[in-house]
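The lines below spell out each chain.
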Amino acid sequence: MASSKPNGTRLKRPWALTLFGLLAAGGLIAMPIYAGSPDGTAMPDLVHFVGRFHRVLLHIPIGVFILILLQELGAIFFRKGETTIFPMFFGAVSAILAVVAGFLLYHGGGYEDSALAERHLWGGLGFAVAAVLTFVVKAWTVALAANTAFYRLLLFASVGVMGFASHDGASLTHGPNYLFEYAPDPVRKVLGLEPRKKAEPEKPVEDRLVYAEIVQPILERHCVECHKEDKFKGRFRMDTYEFLVKGGKEGDGIEPGDADGSNIIYRIELPIDDEERMPPDEKPGLSEHELVVLKWWIDNGADPQKKVADFEVDDAVMAAIGQIAPASAKVAAAADPAKEEAPGPDDELKTAVATLSEDFPGALTFESQSSALLSFTAVSLRGNLDDDAFVKLGPVIPHLVSADFNATQITDRSVALLEPAENLKLIRLAETQITDAAIDSLLKIPSLESLNLYGTKVTDAGIVKLAALPNLKRLYLWQTDVSDEAIADLKEKLPGCEIIKGI
């Protein structure tokens, strides 16, 4: 029975296939161990070129294994469609090719979430090894006409690992919640996920409580850290309205109806080198629009229960509120039919971009043909971009909306030049030479939503200052010296910010 060969598919003893299969599995496991940590700057262009084919190759083993699984299920339940050895051979080979390409892509660098990228790498390697072992077991099962139970167990396990790796791959490409973002609540419950939150309609600016939704967040960013229940300098707490009015050893905190006579405004407007100035010079002070709103609220009686609609609001104050609460800015713009859309790039900007493209080929792109906003990526520059070269970007910095400086040679000196980038929402500074000094420059860009500091020299002293960035939604701190305590403190101050520490 062992030597019969129906359809020419049975093998006598697949020793050679077994040897090559085990060598392939061992080689896959050894790859990341001997290669070490990824370093995109040291990789030749060929590595980047081949690695990018991973996104094409990965679909082949997925399709092959799904077909094999369906065929095996048909054989189990309907006694039809017994599989031959070739599909498993093709699936195993395609899995190896996809994983090798993925390995090269990983070592090309550039991932914001490096911890997730590493987990996806090991998941893919696990699937490829499982595919090879499943193929070897299939070959012996066919050769010996043995029971298929063990082979099928390995097949199901391989598909399970494939699903795990595929989920991480989708998360890398589309975000961590991509696959299950729209899952119904029963499915989310089985997976241990929180029920989906009902989308709340955007609240018009006129309906916002001035103190609770606009003023208090300003105080939280700049004052409450040193003036709260367990730490109140000058015997002055600012974490509730009652304590804010009551003041401390220097007297009342605010004088409703008289902003200039209020102690907190007096302290805020002192010269930066004055010892009595608040916040102290090592902390970021209030921006001009925050001060405008605070003084307007106090001058109008500082009522904690009134909404914006209950006050008189001129254009300057409405514009300032819009910068503090971006959603309200949309409402204000919609209410003004005369307000035109932002103009597209003018000839001067187009000329500047064309000129810079000679020094930074392919690095600068417009968001759209009708947009004056730019994206910059140094993926092809890497070590060739240093502080001296960075200075050339000066004319376009105010137009940047995203900037990728990962693995370049820039330092704090270059980051300081980004202060005019009032539209900048995303900046990647992974594996650069920046330190805590760069954080002070970034604090002057309140529009920042995503910041990557992976592999930099930032410490707790710099990270705590990021609490002053009201729109920060994602922060990457993998392979830094930032402590868990500092991260926990920052999460408390920025509850809407996702902080990725890695492993």
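Residues numbered from 1 in each chain as written. Predicted model: local features only at pLDDT ≥ 70, side-chain atom pairs only at ≥ 80, totals over all residues. Heavy atoms only, no water.

Check the secondary structure of the chain and you find 20 helices and nine strands. The buried share of the chain, reckoned over its 503 residues, is 42%. Carbon and sulfur atoms make up 57% of the accessible area of the chain, which totals about 26,700 Å². (Helix = DSSP H or I, 4+ residues; strand = E, 2+ residues; numbered from the N terminus. Buried < 20%, exposed > 50% of the residue type's maximum accessible area, 1.4 Å probe, protein only. Areas by Shrake-Rupley, 256 points an atom, 1.4 Å probe, with all protein chains shown as cover.)

Once that is clear, we can look at the pattern of salt bridges. Applying the stated criterion across every chain, the model contains twelve salt bridges. Here Arg152 ties to Glu72 by a salt bridge, and the two come within 2.7 Å at their closest N and O atoms. Here Arg152, found in helix α7 (residues 149–174), pairs with Glu72, found in helix α4 (residues 59–78); they are 80 residues apart in sequence, far enough to count as distant. The same class applies to Arg152 and to Glu72, which are both buried. Between Asp404 and Arg428 there is a salt bridge, with its nearest N and O atoms 3.5 Å apart. Taken together, the residues Asp404 in strand β5 (residues 400–404) and Arg428 in strand β6 (residues 426–428) connect sequence positions 24 residues apart. We classify Arg428 as partly exposed; its relative accessible area is 22%. Through salt bridges with shared partners, a single ionic network connects Asp260, Glu269 and Lys295. (Salt bridge = Lys/Arg side-chain N within 4 Å of Asp/Glu carboxyl O.)

This part is about the sheet that holds β6. The strand order across the open sheet built from seven strands is β3-β4-β5-β6-β7-β8-β9, with neighbouring strands paired in mixed fashion. The outermost strands of the open sheet, each flanked by one partner alone, are β3 (364–366) and β9 (498–500). With strand direction ignored, the average angle separating the axes of adjacent strands in the sheet is 10 degrees. Against the sheet, helix α15 (residues 347–359) contacts β3 and β4 (374–377), and its axis sits at roughly 150 degrees relative to β3. (Pairing = 2+ DSSP bridges. Axes fitted to C-alpha atoms, helices over the stretch in contact; angles between N-to-C directions. Contact = heavy atoms within 4.5 Å.)

If you look at the biggest cluster of nonpolar residues, it comprises 53 residues, and the most contacted ones within it are Phe376, Leu393, Phe405, Leu429, Leu453, Leu466 and Leu475. Only α15, β4, α16 (387–390), β5, α18 (436–442) and α20 (484–493) provide two or more residues apiece to this core. For this core, the element with the highest residue contribution is α15, accounting for four residues. In this structure Phe376 touches Phe360, Ala363, Leu364, Leu381, Leu385, Leu393, Leu400, Ser402, Ala403, Asp404 and Phe405, once residues within four positions along its chain are discounted. Counting 32 residues, the second-largest nonpolar core is a separate cluster that includes Ile218, Leu244, Leu291 and Ile324. (Core = buried A, V, L, I, M, F, W, Y, C linked by side-chain atoms within 4.5 Å.)

One way to put it is that helix α12 (residues 288–299) packs onto helix α13 (residues 315–324) with a least axis distance of 8 Å and a crossing angle of 120 degrees. When the axes of α12 and α13 are compared, the pair comes out oblique. Between α12 and α13 the crossing geometry is left-handed. Packed against α12, whose contacting residues are His289, Glu290, Val292, Val293 and Trp296, the element α13 presents Val317, Ala320, Ile321, Gln323 and Ile324 at the interface. (Parallel < 35°, antiparallel > 145°, perpendicular 65-115°, else oblique. Left-handed = near helix turned anticlockwise from the far one by under 90°.)

Moving on, we come to the packing of helix α1 (residues 15–35) against helix α5 (residues 85–107). In contact at an axis separation of 11 Å, α1 and α5 are set at 15 degrees when each is read in the N-to-C sense. In terms of axis orientation, α1 runs roughly parallel to α5. Once α1 is placed against α5, the crossing between them reads as left-handed. For the pair α1 and α5, the contacting residues are Leu17, Ala24, Leu28, Met31, Pro32 and Ala35 in the first and Ile85, Ile96, Val99, Val100, Phe103 and His107 in the second. Per-class residue counts for the contact of α1 with α5 are eleven nonpolar, one polar and no charged. (Nonpolar A, V, L, I, M, F, W, Y, C, P; charged D, E, K, R; others polar.)

A few words now on the pairing of β4. When a strand is regular, its side chains alternate between the sheet's two faces. Here β3 pairs with β4 via three bridges, running antiparallel. Paired with Thr365 across the two strands is Ser375, which belongs to β4. Two elements, β4 and β5, share four bridges in a ladder whose sense is parallel. Looking at β5, one finds that Ser375 is bridged to Ser402.

Given 3.6 residues per turn, any residue in an α-helix points the same way as the ones three and four places further on. For α12, built from twelve residues, the straight-helix expectation of 16 Å at 1.5 Å per residue is met to within 8% by its first-to-last C-alpha distance of 16 Å. Looking only at α12, the buried set comprises His289, Glu290, Leu291, Val293, Leu294, Trp296, Trp297 and Ile298. (Expected span 1.5 Å × (residues − 1).)

Moving on, we come to the confidence of the model for the chain. For any part of a model where pLDDT is low, the fine detail of the predicted coordinates should not be relied upon. Mean pLDDT over the chain works out to 81, with 82% of the residues at or above the 70 mark. For the chain, per-element mean pLDDT is lowest for helix α14 (residues 326–334), which scores 39, and highest for helix α17 (residues 412–416), which scores 94. Between residues 326–342, whose pLDDT stays under 50, and residues either more than four places distant or in other chains, the model counts 15 contacts. (pLDDT = per-residue confidence, 0-100.)

Here we take up α20. Those residues of α20 not exposed but buried are Ala486, Ile487 and Leu490. Projected down its long axis, α20 shows its buried positions confined to an angular sector of 100 degrees, all on one face. Exposed residues lying more than 90 degrees from the buried face of α20 are Asp484, Glu485 and Glu492. Buried-residue contacts for α20 involve α19 (460–463), β8 (474–476) and β9. (Arc of directions from axis to C-beta.)

Summed over all chains, the structure comprises 13 aromatic pairs. Here Phe65 and Phe127 contribute two aromatic rings whose centre-to-centre distance is 5.2 Å and whose plane-to-plane angle is 70 degrees, an arrangement assigned as edge-to-face. One end of the pair, Phe65, is in helix α4; the other, Phe127, is in helix α6 (residues 114–144), and 62 residues separate them in sequence. Residues Phe65 and Phe127 agree in their burial class; the two are buried. Arranged with centres 5.9 Å apart and planes meeting at 80 degrees, the rings of Phe360 and Phe376 form a pair that is edge-to-face. Taken together, the positions of Phe360 in the loop between α15 and β3 and Phe376 in strand β4 put the pair 16 residues apart, joining distant regions of the chain. The class of Phe360 is buried, set by a relative accessible area of 3%. Looking at Phe376, the relative accessible area reads 3%, which means it is buried. Linked through ring pairs, Phe86, Phe89, Phe90 and Phe135 together constitute an aromatic cluster. (Phe/Tyr/Trp six-rings, centres within 6.5 Å; stacked < 30°, edge-to-face > 60°.)

Within β5, five of the five residues are buried, which leaves it mostly tucked inside the rest of the structure. Sheet topology note: the β5/β6 ladder contains three bridges and is parallel. Note on β6: the bridge partner recorded for Ser402 is Leu426.

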